[in-house]
Amino acid sequence: MSTPARSRWLHHGVAALAALALLWLVFNLWMAGQALVAVGALAFGSVALVVYGTATSVAWKYLFPGVAGMLLFVVFPLVYTVQIGFTNYSSAHLLTEERSRQYLLDQNLVDEARARPYTLHAEGSAHRLRLAPGEAGGEPLLSPPLDLRAPPATPVVMAPEAATTPANTIGPALDLKAVIAQREGLQRLALQLPGGERVQYAGLREFGPIEPLWTARPDGALVQTGSGRVFVPNRETGYFESAGADGEVERISPGFTVGIGFANYSRMLLDADFRGPFVSIFIWTVMFSGLTVLLSTALGMSLAVLLEWEGLKHRTLYRTLLFLPYAVPGFISILVWKGLFNQNFGEINAILDAVFGVRPAWFAEPLLAKMMILIVNTWLGYPYIMILCAGLIKAIPSDLYEASALAGASPWTNFWKITAPLIARPLTPLLISAFAFNFNNFVLISLLTDGRPDFLNTKLPAGTTDILVSYTYRIAFTDSGQNFGLAAAISTLIFLLVAVMALVQLRFTNSPEGRR
Amino acid sequence: MPIVTGKKQRWRAWAAHGALWVLLAFTLFPLLAVVSISLRPGNFATGSIIPTQISFEHWQLALGIPVTNADGSVTQPPFPVLLWLWNSIKIATISAFLIVAISTTAAYAFARLRFAHKQLILNSMLLLQMFPVAVALVAIYAIFEGIGTQVPWLGIETHAGLIVAYLGGVAMHIWTIKGYFETIPVEIEENAKVDGATHWQTFRHVLLPMAVPILMVVFVLAFIGTIIEYPVASILLREEPNLTLAVGSKFYLYEQRYLWGDFAAAAVLSGLPITLVFLLAQRWIVSGLTAGGVKG
């Protein structure tokens, strides 16, 4: 009798604990300024609690992890990418406006004119710090013995050296190496001078008064210390800006992330400097995926037909060997090809040189580089098509071939009148998905040519063998600008194209059961 | 099927064999070349494809053993290949295990339980899987950078973060397991329910033991899929000791430091086991392929 009751109490206890843990996490995230993440965590956590804590739905108890994983790492990145595409998020606009303001407010300036040189003197395990007169004068000052491993949090009161101890009682000044060893403690130290002025660590030789470079105004603007110029956040350009006397607008780095509407998209379409290479890359992407599918289908289908022919011996051996390119991990075989095609050290050019006396520059000539990519990708892609076709050919009733044999038809006629028409329909959706896959075949381009050779005289580096997705990777992760916003806008465009391909594929497949 | 073996037929057979041999040369050339290069002394092509002199220096370096050259100088291994292999295997094993766990439970729900919008959810999952992860790299990077500020062990440059990132790719596996579950007669589970078993008990003690073969297949598929994954790993992992094999291998072939022979040995060393696993699992992979999956 007591067991169900106890397990129910246990159940409630665990649920309550989980709820508390969730609230604690959300609270911490919120306080850390991660409002969006906090809301996301709250939503996910509460759904998880409802699913597992109550008896509402048995099915969702099983479904939740998979669906949550897809939402978090497939759907959310998609949505987030689209959103980034409408912003200027880049290495120059990395932070939010508040974080960027906070960063600037944390910047300090040492007043060099009032800085004073210092020396450090050991006294047992403690240290005394002596400030010599600076450029602005002042008498020598001495600190009480300090434990620099745990420096005091309150400012240390400095006393005139003459009033505390005779100069000869403190030890000799420590050398630079010993000072460096104490640097961490020194950096946390604040010294109060007799006049009330405070000085802080300003390098290995000086302590000086430190002033913030900027002060915040209640309306969000920043005032520059010294000049008193006001920098107002401009939410269109993403910078703190100030118009100078001559009308010139001065901006301070770092800027912050702001929404810029369709600017990234209009750049793709309207900026002539950008549009040129972008259109070439788009055309090459389509050609690359189309030709790859065409070549590997031609090769793979012929092999499948040939290997179905019963008159041929050793068919299993052929099939296994021809399947090998598919079994070798792509990142290895692509790099092997890259080495074999190397202009100076590669085996392919060694053979071509010996036989024809030529050494083509596979990685420097755009046309040759494209040919090389197609050769390698055909090598990588034909086994997949071969297997698909072999499976489809097996499903063709053999009496069709028997009938045609009685009529005395040639293998050629057999292929065009029986095999091809019967496998075309089930093969089409699979070829579309192969096209979509190659359209985004980032691994091949990235490992084989990295998009090179580059177009000459473009503002953003762009490669003649880049496909759209490797181009976005370049814009986002390798070039100095790290323009995430622009990259995300191009990615959004790719999403739309993939969505179209997916819809076309669905039309050909009709129902998912048809895929089996 | 009646086959008349005439003279024409024999010619055709010879022609077919000839064509296949030419193709086999094209197919096997890079694979054989890389084995031969790994046994050839030096890092540059010396003209002959078949090595005239066998040297194990590249293999020693790939296995992390320093090589003493003829002039007495010592060459240190250029990259920690075995560490990378270990990273790859560790990440792939944990990810594959979690992927199997997640997809099995979800597949059970799809195959056996009733809930609203079942077909819609399943179709959207399959459709979403068509969007390549390589396109959303910016967002994935930003997400893990954000996570890292709160939970450092899940952020950029961590293996745990990478494993978590791989957990989104489950739709294909759910589909495969669901198909298998549907071939198992539902009566056995109904009997268990009549005997008083709960959903979880029938799933855990009745259905799972019968589904072990497909779970192993999905494990191998997920394992291979993760071990060859390059885009996400290349943005989340940057430091040399942290890399997986897929990310690290390309460092051998930089123009400034071209280590062709060393690469060949490392490639054979790491590629051979993965290839063998793939060939052994080929039968199931092929049936998975016709379900619409594409190798990444």
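Look a little higher up for the structure.
First, a word on scope: everything that follows refers to the structure included in this document. All values reported here derive from a predicted model rather than from experimental measurement.

Criteria and cut-off values
Residues numbered from 1 in each chain as written. Chains lettered and ligands numbered in written order. Predicted model: local features only at pLDDT ≥ 70, side-chain atom pairs only at ≥ 80, totals over all residues. Heavy atoms only, no water. Helix = DSSP H or I, 4+ residues; strand = E, 2+ residues; numbered from the N terminus. Rg over C-alpha atoms; globule rule 2.2 N^0.38 Å. Buried < 20%, exposed > 50% of the residue type's maximum accessible area, 1.4 Å probe, protein only. Contact = heavy atoms within 4.5 Å. Areas by Shrake-Rupley, 256 points an atom, 1.4 Å probe, with all protein chains shown as cover. Buried area = accessible area lost by both parts, 1.4 Å probe. Salt bridge = Lys/Arg side-chain N within 4 Å of Asp/Glu carboxyl O. Polar contact = N/O pair within 3.5 Å; in protein donor to acceptor, adjacent residues only side chain to side chain. Pairing = 2+ DSSP bridges. Phe/Tyr/Trp six-rings, centres within 6.5 Å; stacked < 30°, edge-to-face > 60°. Lys NZ or Arg CZ within 6 Å of the ring centre and 35° of its normal. Axes fitted to C-alpha atoms, helices over the stretch in contact; angles between N-to-C directions. Parallel < 35°, antiparallel > 145°, perpendicular 65-115°, else oblique. Nonpolar A, V, L, I, M, F, W, Y, C, P; charged D, E, K, R; others polar.

Let us look at the overall build of chain A. Broken down by element type, chain A carries 18 helices and 15 strands. Computed over C-alpha atoms, the radius of gyration of chain A comes to 35 Å, more than 25% over the 24 Å expected from 2.2 N^0.38 for 516 residues, which places it beyond the range of a compact globule. Considering only C-alpha atoms, chain A reaches an extent of 120 × 90 × 55 Å along its principal axes. Across the 516 residues of chain A, 43% fall into the buried class. In chain A, 57% of the contacts between residues at least 6 apart in sequence involve partners at least 24 apart. Carbon and sulfur atoms provide 65% of the accessible area of chain A, an area that totals close to 25,700 Å².

The subject of this paragraph is the environment of T225 of chain A. All names here are of chain A. Along the polypeptide, T225 turns up in the loop between β12 (222–224) and β13 (230–234). By relative accessible area, T225 is classed as partly exposed at 33%. For the pair formed by T225 and N342, sequence separation is 117 residues and the distance between their alpha carbons is 58 Å. Here T225 is in contact with E211, P212, L213 and W214, once residues within four sequence places are set aside.

Residues and elements named next belong to chain B. Relative to the helices and strands, S88 resides in helix α3 (residues 81–112). On the basis of relative accessible area, S88 is assigned to the buried category, the value being 3%. In contact with S88, not counting residues within four places along its chain, are I227, T244, L245 and A246.

Attention shifts here to the environment of A25 of chain B. Residues and elements named next belong to chain B. Structurally, A25 is set in helix α1 (residues 7–38). With relative accessibility at 49%, the residue A25 sits in the partly exposed group. In this structure, the C-alpha to C-alpha distance between A25 and L236, residues 211 residues apart in sequence, is 38 Å.

On to the interface of chain B and chain A, then. Every contact between the two is made by 103 residues of chain B and, on the other side, 91 residues of chain A. Across the chain B to chain A interface the summed buried area is about 9,000 Å²; carbon plus sulfur atoms make up 78%. Where chain B meets chain A, there are one salt bridge. E347 of chain A is paired through a salt bridge with R40 of chain B; the nearest N and O atoms lie 2.8 Å apart. Between chain B and chain A we count 16 residue pairs in polar contact (both at pLDDT 80 or more) in total. In terms of residue count, the dominant contributor to the side of chain B that touches chain A is α1 of chain B (18 residues).

Residue and element names in this part refer to chain A. By the definition in use, this model includes 18 salt bridges over all chains. Between E97 and R101 there is a salt bridge, with the nearest N and O atoms lying 2.8 Å from each other. In this pair, E97 and R101 are both assigned in helix α4 (residues 97–105), four residues apart and thus about one turn of the helix distant. For E97, a relative accessible area of 13% puts it in the buried group.

All names here are of chain A. Strands sit in the order β5-β7-β8-β9-β2-β3-β4-β6 across an open sheet of eight strands; the sheet is mixed. Of all the strands in the sheet, just β5 (156–157) and β6 (159–160) have a single pairing partner and so form its edges. In the sheet, strand β2 (residues 116–123) pairs with strand β3 (residues 126–131) via six bridges, with the strands oriented antiparallel. Residue pairing for β3: L120 is matched across the bridge by L129.

Attention now moves to the packing of aromatic side chains. What the rule picks out here adds up to 48 aromatic pairs over all chains. An aromatic cluster of three or more residues is present, and its members are F345 of chain A together with F79, W84, F251, Y252, Y254, Y258, W260 and F263 of chain B. Stacked on the ring of F274 of chain A, the Lys or Arg R267 of chain A has its end atom at 5.4 Å from the ring centre.

What follows is about the packing of helix α15 (residues 411–439) of chain A against helix α18 (residues 484–509) of chain A. Residue and element names in this part refer to chain A. Running from N to C, α15 and α18 point in directions that differ by 170°, and their axes come no closer than 9 Å. Classified by the angle their axes make, α15 and α18 are roughly antiparallel. Across from R425, T428, P429, I432, S433, F435, A436 and F439 in α15, the residues of α18 making contact are I494, L497, M501, V504, Q505, F508 and T509. Residue classes in the contact of α15 with α18 are distributed as ten nonpolar, four polar and one charged.

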